[in-house]
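# Inside the fold
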Amino acid sequence: MKFGKQPAPVADINEDNLEVHKPKTEAAGVKAVMVALERAVAQAGVTRTAQSLLRLNQRGGFDCPGCAWPESDKKRKAAEFCENGAKAVAEENTLRTVGAEFWAKHSIAELSEKTEYWLGNQGRLSEPVVIREGETHYSPISWNDAFELIGEHVRASTPDRCVFYTSGRTANETAFLYQLFARSIGTNNLPDCSNMCHESSGSALNPTIGIGKGTVSLDDIHDAELIFVVGQNPGTNHPRMLSALKECKDKGGKVVAVNPLPEAGLFNFRDPQTLSGVVGGGTPLADEYLQIKVGGDLALFQALGHLLLEAEEKNPGTVVDHSFIAAQTDGFDAYRDARRTLDWDETETATGLTREQIEKVAGMLVASKASIFCWALGVTQQPHSVDTIKEMVNVLLLQGNFGKPGAGACPVRGHSNVQGDRTMGIWEKPGEKLLSAIDAEFGITSPRHHGYDAVESMEAFERDEVDVFVSMGGNFSLACSDTETLEAGMQRIGLTVHISTKPNRSHIVHGRTSLILPTLGRTDKDDKHPKGAQFLSVEDSMSVVHSTQGRLTPVSEHLLAEPVIVARMAEATFGADHPVDWRGMAEDYDVIRDHIERVLPGFEDFNARVRTKNGFVLPNPPRDTRSFATDIGRGRFTVSPLEYLTPPKGHLVLQTMRSHDQYNTTFYGLDDRYRGISDGRRVILIHPEDLAEAGFQDRELVDVVSTFQGVDRRADKFRLVAYPTAKGCAAAYFPEANALVHKENVARVSNTPGFKAMFVRFEPHKGETAAAEESASLQASAV
Ligand SMILES: Nc1nc2c(c(=O)[nH]1)N[C@H]1C(S)=C(S)[C@@H](COP(=O)(O)OP(=O)(O)OC[C@H]3O[C@@H](n4cnc5c(=O)[nH]c(N)nc54)[C@H](O)[C@@H]3O)O[C@H]1N2
Ligand SMILES: Nc1nc2c(c(=O)[nH]1)N[C@H]1C(S)=C(S)[C@@H](COP(=O)(O)OP(=O)(O)OC[C@H]3O[C@@H](n4cnc5c(=O)[nH]c(N)nc54)[C@H](O)[C@@H]3O)O[C@H]1N2
Ligand SMILES: [Mo]
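The protein is annotated in an unreviewed UniProt entry as Formate dehydrogenase from Pseudarthrobacter enclensis. Recorded under Sequence similarities (unreviewed entry), the UniProt text for the protein is reproduced unchanged: "Belongs to the prokaryotic molybdopterin-containing oxidoreductase family."

Okay, here's the thing in structure tokens:
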């Protein structure tokens with residue numbers, strides 16, 4: 001084989017090896033670079049690592065498959081990446097492969113006992129495989145037969161019994177083709193990872209500021225006087241954001257961190273690319289740290305609004321931007337009336353913060369002429385998330401923090417193209433404007449009724465109302481909530497199709513017939529086209545659209561590019577006689593971009609502008625012209641009732657989060673370095689006083705029970721770890737704890753699962769024999 005020897009596979013996790021050390025108080029530094037390089041070389045060897053990392057986030061190179069944080073449009077550093085970006089690349093570049101031999105060797109029954117860590121570490125999928133009803137193993141299938149099988153199943157079904165899931169790594173051109181395929185079939189069943197991620201942000205921002213995206217640029221982050229980092233762990237999930245925060249601090253800006261966990265990256269950053277970061281003490285980041293209770297942010301931002309209005313009353317004309325409010329917004333009077341009084345006792349209970357702490361931070365807001373609120377999943381995955389974000393918008397509107405340098409709203413997006421996918425029309429609730437533009441361009445009739453989002457898809461599986469489930473990337477079975485319900489439903493689907501780069505759990509809990517279609521990744525060369533190598537494009541968290549092109553030789557010659565896979569599924573479904581020229585688009589991505597230009601606003605001259613040095617920025621009315629394209633043409637103040645999470649007696653609030661060594665459902669390794677947890681993942685971080693009150697010891701093995709409206713869900717065998725989290729608020733890793741999230745535990749309006757809003761209690765772990773005996777005696781008594 002041309003790449004030489006494959007690296008040895010890894011051993012599976014042994015939870016008994018769990019190690020716990022003191023959490024760190026600073027992020028990055030030289031250690032981060034060393035870890036990244038070590039991992040990369042182990043997976044891909046020295047040459048391939050050098051070839052890939054040198055092109056990461058460079059012009060003409062590929063976009064990092066890690067997060068959606070933007071690249072600088074100024075001079076780029078030779079190494080414009082972070083530890084976790086490098087790990088994401090290594091994960092994709094690995095020389096290990098998973099082909100016919102692997103599938104012949106391992107049965108589904110055997111694979112279902114493996115952890116996600118083991119599965120993902122087996123390597124890159126190298127050929128298409130199928131498993132049919134009654135079979136125990138996947139086996140090879142030709143691409144032609146695979147596409148025919150998909151065509152047959154889709155034609156034998158009805159449009160709304162087909163579901164098309166998208167994970168946010170999917171590039172613009174692929175996403176555009178994919179939604180066109182779904183709509184050509186006649187369904188808007190286009191759930192995506194965004195439904196489980198920042199949907200609450202879109203649901204709050206669209207009605208209040210007229211666009212479901214952030215309103216800041218990277219320069220704004222540098223120029224802000226004050227930045228709030230709310231419910232976000234940038235040291236792990238958006239490490240390049242730390243450099244931007246550092247630049248802001250260097251210019252005199254201040255940072256406030258709001259988080260139940262004292263995450264290392266919020267406190268001190270050692271920039272491994274500067275001398276002071278290597279040998280000096282690094283840069284302190286957060287000037288104030290609010291260790292808020294999980295779910296307390298709505299109360300916090302109501303209190304901040306109250307305090308700003310109070311400060312304005314004391315010194316009229318100094319705090320609130322009245323001319324902006326009068327000219328550009330609606331609803332201020334009702335908001336002011338609602339925030340006039342505040343119940344401080346309840347605010348302290350809801351937030352776990354003291355009045356003094358909140359007043360101090362309000363004072364910082366009063367003093368700042370340009371503030372930015374950054375947030376991520378800490379505020380999007382709770383029942384009242386949409387109201388929380390609306391409350392943040394209220395506070396920004398009060399001080400006119402839109403459309404001026406250094407100010408605005410900054411939802412920090414997750415997957416590297418999750419924002420672009422929505423722009424391209426991956427949305428279960430499309431508007432008429434998009435659909436009529438698609439119809440006019442392609443001569444099809446898109447369905448007008450809305451489709452399923454992620455949770456609704458799971459519910460449709462459960463009702464046996466889905467015949468075909470196609471997954472463009474991602475790992476739906478572990479990403480969504482209520483794992484057992486979801487997996488039972490997935491297994492009843494007629495055909496599941498997984499377009500993937502690596503094996504994952506969704507392949508194992510498959511439909512009655514199932515296909516795994518291996519595809520090229522971001523770093524792979526895509527050159528098997530009549531006109532030669534093709535490139536794709538993505539949109540980052542700040543609405544910059546730019547190209548991405550992989551250059552590495554794919555690990556297998558049997559991989560197809562994603563746009564090709566979509567086009568061939570469509571051809572097999574519709575036959576040659578279809579108004580859309582699928583093949584023409586798959587052969588030349590410029591043709592896709594020409595269509596996008598005619599269908600979507602903001603993509604004028606797409607093919608030329610995507611080839612420019614820094615790409616181009618999509619229109620953003622709040623940022624560009626301080627205007628708000630809402631239904632009333634104004635920014636909207638809103639009034640929400642106070643809401644926070646109150647667990648029943650004997651329960652704690654449980655949030656789930658990512659370790660430093662994972663990418664969503666894939667694990668790079670087992671070292672959550674900053675939190676000091678390694679070689680084990682089934683842990684519950686718990687405040688020492690809560691641990692004592694619950695009557696357990698540090699490291700004790702427990703079974704976890706979550707309760708939602710009287711219904712319990714269980715997940716067994718977690719170790720309690722005393723940890724400095726906010727009191728009353730425990731934390732576990734995603735996806736191990738997803739089984740605990742009841743499917744109806746969702747955010748209102750956005751329908752995002754309540755991944756950071758579970759009520760849990762602990763029971764001493766029942767050993768395997770005890771549990772078996774109990775279930776036997778239950779069965780006996782049932783008989
Ligand atoms: N390396 C790496 N990078 C990633 C990812 C990855 O898995 N690995 N995932 C990508 C994706 S898809 C996404 S969406 C982003 C996710 O980026 P993050 O949102 O940073 O991800 P989480 O790990 O879920 O962390 C949520 C943070 O919110 C805090 N939190 C929990 N509950 C609350 C609350 O009620 N209030 C407040 N104020 N804080 C709270 C948690 O303590 C934690 O620090 O990262 C992206 N980047
Ligand atoms: N409890 C809990 N659950 C959560 C969250 C949480 O915070 N807590 N976060 C939610 C969030 S924010 C998100 S975004 C979702 C993530 O949900 P998903 O996006 O569905 O999950 P990922 O783990 O990112 O998907 C990993 C798989 O993608 C495939 N893949 C990787 N690269 C490529 C590629 O280039 N092309 C293709 N076709 N496939 C590729 C690989 O096969 C890999 O196994 O999970 C959600 N679930
Ligand atoms: Mo995400």
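## So, the side chain of Glu312
Relative to the helices and strands, Glu312 resides in helix α13 (residues 297-314). Look at Glu312: it is buried, it has no salt bridge, and the nearest opposite charge is Arg336 at 8.8 Å. At 2.8 Å, the side chain of Glu312 and the backbone nitrogen of Val319 are in polar contact.

## Quick look at the site of ligand 2
In the vicinity of ligand 2 lie 31 residues, with Tyr165, Ser167, Ala479, Glu562 and Thr665 positioned nearest. The side chain of Arg169 places a nitrogen or oxygen atom 3.0 Å from a nitrogen atom of ligand 2. Thr665 is positioned such that a nitrogen or oxygen atom in its side chain is 2.6 Å from an oxygen atom of ligand 2. Protein contacts shield 97% of the accessible area of ligand 2, which totals 920 Å² for the unbound molecule. In terms of residue class, the shell around ligand 2 is built from 10 nonpolar, 16 polar and 5 charged. Shared between two domains, the shell around ligand 2 holds at least three residues of each, these being domain 2 (97-195 + 429-619) and domain 4 (652-782).

## Topic: the packing of α13 against helix α16 (residues 344-351)
Following both chains from N to C, one finds α13 and α16 inclined at 140°, their axes separated by 9 Å at the closest point. One way to sum up the angle between α13 and α16 is to call them oblique. Crossing angle aside, the handedness with which α13 passes α16 is left-handed. Mapping the contact onto sequence places Ala299, Leu300, Ala303, His306 and Leu307 in α13 and Trp344, Thr347, Ala350 and Thr351 in α16. Here the residues of the contact of α13 with α16 sort into 6 nonpolar, 3 polar and no charged.

Rules of the game
Residues numbered from 1 in each chain as written. Chains lettered and ligands numbered in written order. Predicted model: local features only at pLDDT ≥ 70, side-chain atom pairs only at ≥ 80, totals over all residues. Heavy atoms only, no water. UniProt positions renumbered as here; feature names shortened; annotations may be inferred. Helix = DSSP H or I, 4+ residues; strand = E, 2+ residues; numbered from the N terminus. Buried < 20%, exposed > 50% of the residue type's maximum accessible area, 1.4 Å probe, protein only. Lys, Arg positive; Asp, Glu negative; His and termini not counted. Salt bridge = Lys/Arg side-chain N within 4 Å of Asp/Glu carboxyl O. Polar contact = N/O pair within 3.5 Å; in protein donor to acceptor, adjacent residues only side chain to side chain. Near = heavy atom within 4 Å. Areas by Shrake-Rupley, 256 points an atom, 1.4 Å probe, with all protein chains shown as cover. Nonpolar A, V, L, I, M, F, W, Y, C, P; charged D, E, K, R; others polar. Domains from an automatic or database assignment. Axes fitted to C-alpha atoms, helices over the stretch in contact; angles between N-to-C directions. Parallel < 35°, antiparallel > 145°, perpendicular 65-115°, else oblique. Left-handed = near helix turned anticlockwise from the far one by under 90°. Contact = heavy atoms within 4.5 Å.

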